[in-house]
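Residues per chain, in single letters:
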Amino acid sequence: QLLKQRMETNGGTYDPLPVDQALAFLIEILPAFSYLHELGLLYCDFKPDNVIQVGDSLKLIDLGGVRRASDDESPIYGTVGYQAPEVALAGATVASDIFTIGRTLMVLCAEVPEYQGDYEFTVPPAEQLPAFAQYDSLYRLLLKCCARDPGDRFDSAEDLRLQMLGVLREVVSARGGGTATTSASSPLFEAPTVSSDRFDWRQLPQLRPDPSDPMAGWLDSLSLSDPVERLGDLQRPPTVTTGVLLARCLAALESANQRVLDATVHTMLSDDPWEWRAVWMAGLGALLRGDNATALSSFNAVYGQLPGELAPKLALAVACELAGQSEVAESLYRICAATDANYVTPAGFGLARLRAARGDLTGALGALELVPQTSRGYLESQKLTVEHLIALGKDPAHLGEALKVLQHARLDEHSQLGYESAIYERALSLAGRGSVQLGSVTFTEGSLRDRLETGYRRLAQLSADPNERAELVDRANTIRVWSLL
């Protein structure tokens, strides 16, 4: 009825529901599926007609097609365009219910004329439908829900609900067009720990340990030990569980033991080809050894399995950046920055790197401004702001701005003098034989040389390296203003 009303209002042209509204409807109805599945029941014939809005809530109605999961004899009810392809031969399962939910979401979000024909069991290419082209996470969610192989779909209605929530947050954030100021805790990943622009695999979000793993207590007792020692213990566990194998992967990463990492990932995927956590570990290992193509492929696969999680998007952004796919990387960084406050700092650094690399000073500075003052990476963002103003700045105004940033950056004396010297060197090249204005102060060539000489000599005093001290004194002597006595 909602869709019909929208079509009538739109002059008879099909007008899909807004993506956020469609997602919100299904997120609210999914607990009903979880309840049925926990009772060993399958709904079988889900479609838009079987949900009713009552006040501010939704109800799942028309339970005539519900059957027990163990029932192999009763007739199965379904609707063309919604029923999973395997039902006719293999019967209904939780996976086939997931398929019907995905198909319902697809029909609510987009006009798919052939969803009961050519696209009865498939999802159209993203570029054919505006909502899918605009929201890649939504499209990947639909692909996983509606995968031909039941094993490729979500394992449960609750898993699907959690990923839908993540996609909904992303859609709402994109509509807002700003930077995230709130965060949502992920049940699968810790928050990223980025505090600098010098990126490595450790700064990506880490997997949350599974407290239900039979070896969780034993693993906790090893968590603070040396990585090499811990890896040795993990090679001889009382019992091998998934948690033990994941901890072994992490210890292998921390000790740079690629052989053990590869062997453990292989073991996990041999036991369960759908174990995305093993693929995540493989991606981290690829980053560690500089194999950007494998890292990109691994994180892209994890993103496909977890379309509502930001961690795979951030990891994929890094891999794309390293592999030279800057446009994709920038898009993913923007999504991370807009969706969750925990991801603003790493996304801001990533955006600044990409923009500075193409000479976009304004864009790089704007990205660094995203890093909040409460972040551990804030001081690093101030340093980078100064560096970009010096390296990419075209006129004295940029150098004046760099000095202004330094006044509030609270750097140690050595760093402060180093940056000031770089600014005065650049200003000297701009001044030539004349003068240059930095902020509210006008400097002559002589005053710039005096500042530089003083700075170099003080840096020499602060240096513990004899060679560096000698070089700084030589620079001071070279730059000083000469006079005849």
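Scroll up to find the structure this text is about.
No experiment lies behind these values; they were computed from the predicted model shown.

What counts, and where the lines are drawn
- Residues numbered from 1 in each chain as written.
- Predicted model: local features only at pLDDT ≥ 70, side-chain atom pairs only at ≥ 80, totals over all residues.
- Heavy atoms only, no water.
- Helix = DSSP H or I, 4+ residues; strand = E, 2+ residues; numbered from the N terminus.
- Rg over C-alpha atoms; globule rule 2.2 N^0.38 Å.
- Buried < 20%, exposed > 50% of the residue type's maximum accessible area, 1.4 Å probe, protein only.
- Lys, Arg positive; Asp, Glu negative; His and termini not counted.
- Charge placed at Lys NZ, Arg CZ, Asp CG, Glu CD.
- Phe/Tyr/Trp six-rings, centres within 6.5 Å; stacked < 30°, edge-to-face > 60°.
- Lys NZ or Arg CZ within 6 Å of the ring centre and 35° of its normal.
- Axes fitted to C-alpha atoms, helices over the stretch in contact; angles between N-to-C directions.
- Parallel < 35°, antiparallel > 145°, perpendicular 65-115°, else oblique.
- Left-handed = near helix turned anticlockwise from the far one by under 90°.
- Contact = heavy atoms within 4.5 Å.
- Nonpolar A, V, L, I, M, F, W, Y, C, P; charged D, E, K, R; others polar.
- Salt bridge = Lys/Arg side-chain N within 4 Å of Asp/Glu carboxyl O.
- Polar contact = N/O pair within 3.5 Å; in protein donor to acceptor, adjacent residues only side chain to side chain.
- Expected span 1.5 Å × (residues − 1).
- Pairing = 2+ DSSP bridges.

Colleague: So what exactly am I meant to see when it comes to the overall build of the chain here?
Modeller: If you tally the helices and strands in the chain, you get 22 helices and six strands. Radius of gyration (C-alpha) of the chain: 29 Å, far over the 23 Å computed for a compact globule of 485 residues. Put simply, the chain has 485 residues, and 47% of those count as buried. Separation between the mean location of the 42 positive side-chain charges and that of the 63 negative ones in the chain comes to 7 Å.

Colleague: What should I look at first to understand the packing of aromatic side chains in this one?
Modeller: Both the distance between ring centres and the angle between the ring planes are used here to describe each pair of aromatic rings. Under the counting rule described, the total for this entry stands at nine aromatic pairs. An aromatic cluster of three or more residues is present, and its members are Phe-189, Trp-276, Trp-280 and Phe-299. For Lys-144, the ring lying beneath its charged end belongs to Phe-154, and the centroid distance is 5.2 Å.

Colleague: I tried to follow the packing of helix α18 (residues 378-392) against helix α20 (residues 413-431) on my own but got confused; where do I start?
Modeller: Angle between the axes and distance between the axes are the two parameters that describe a pair of packed helices. Between α18 and α20, the shortest axis-to-axis distance is 10 Å and the interhelical angle comes to 15°. When the axis of α18 is compared with that of α20, the two are roughly parallel. The way α18 lies across α20 gives a crossing that is left-handed. Of the residues in α20, those touching α18 at Lys-383, Val-386, Glu-387 and Ile-390 are Tyr-419, Ala-422, Ile-423 and Arg-426. Residue composition of the contact of α18 with α20, grouped by class: five nonpolar, no polar and three charged.

Colleague: Explain the side chain of Glu-309 here, please?
Modeller: By the secondary structure assignment, Glu-309 is in the loop between α13 (292-305) and α14 (311-322). This buried residue, Glu-309, is left without a salt bridge; Arg-169 holds the nearest opposite charge, at 6.3 Å. Here the side chain of Glu-309 touches Ser-186 through a polar contact of 2.8 Å, side chain to side chain. Not counting the four nearest positions on each side in its chain, Glu-309 is found in contact with Gln-163, Ser-186, Pro-187, Leu-188 and Phe-189.

Colleague: Before we go on, may I ask you to explain α20 in this structure?
Modeller: Look at α20: 26 Å from first C-alpha to last across 19 residues, which is about the 27 Å you get at 1.5 Å a residue. Taken together, the buried positions of α20 are occupied by Ser-415, Gln-416, Leu-417, Tyr-419, Ser-421, Ile-423, Tyr-424, Ala-427, Leu-428 and Ala-431. The elements touched by buried residues of α20 are α18, α19 (396-409), β5 (435-438), β6 (441-444), α21 (445-462) and α22 (466-479). Sitting at the head of α20, Asp-412 places a side-chain oxygen 3.2 Å from the backbone nitrogen of His-414. Positive backbone phi, at 60°, marks Gly-432, one or two positions downstream of α20.

Colleague: Teacher, can you tell me more about the pairing of β6 here?
Modeller: Successive side chains on a regular strand alternate, one facing one side of the sheet and the next facing the other. Taken together, the four bridges between β5 and β6 define a ladder with antiparallel strand orientation. Counterpart to Leu-438 in the pairing with β6 is Val-441. Linkage of β5 to β6, two consecutive antiparallel strands, is achieved through a turn of two residues, within which Gly-439 is found at a positive phi near 70°.

Colleague: Please explain the pattern of salt bridges as it appears in this structure.
Modeller: Side chains that carry opposite charge are capable of pairing whenever their charged atoms lie near each other. Applying the stated rule across the entire model yields 24 salt bridges. A salt bridge links Arg-67 to Asp-71; the nearest nitrogen and oxygen atoms lie 3.8 Å apart. Exposure class is identical for Arg-67 and Asp-71. Each is buried. A salt bridge links Arg-458 to Glu-413; its shortest N-O distance comes to 2.8 Å. Taken together, the positions of Arg-458 in helix α21 and Glu-413 in helix α20 put the pair 45 residues apart, joining distant regions of the chain. Overall, Glu-413 belongs to the partly exposed group, its relative accessible area being 40%.

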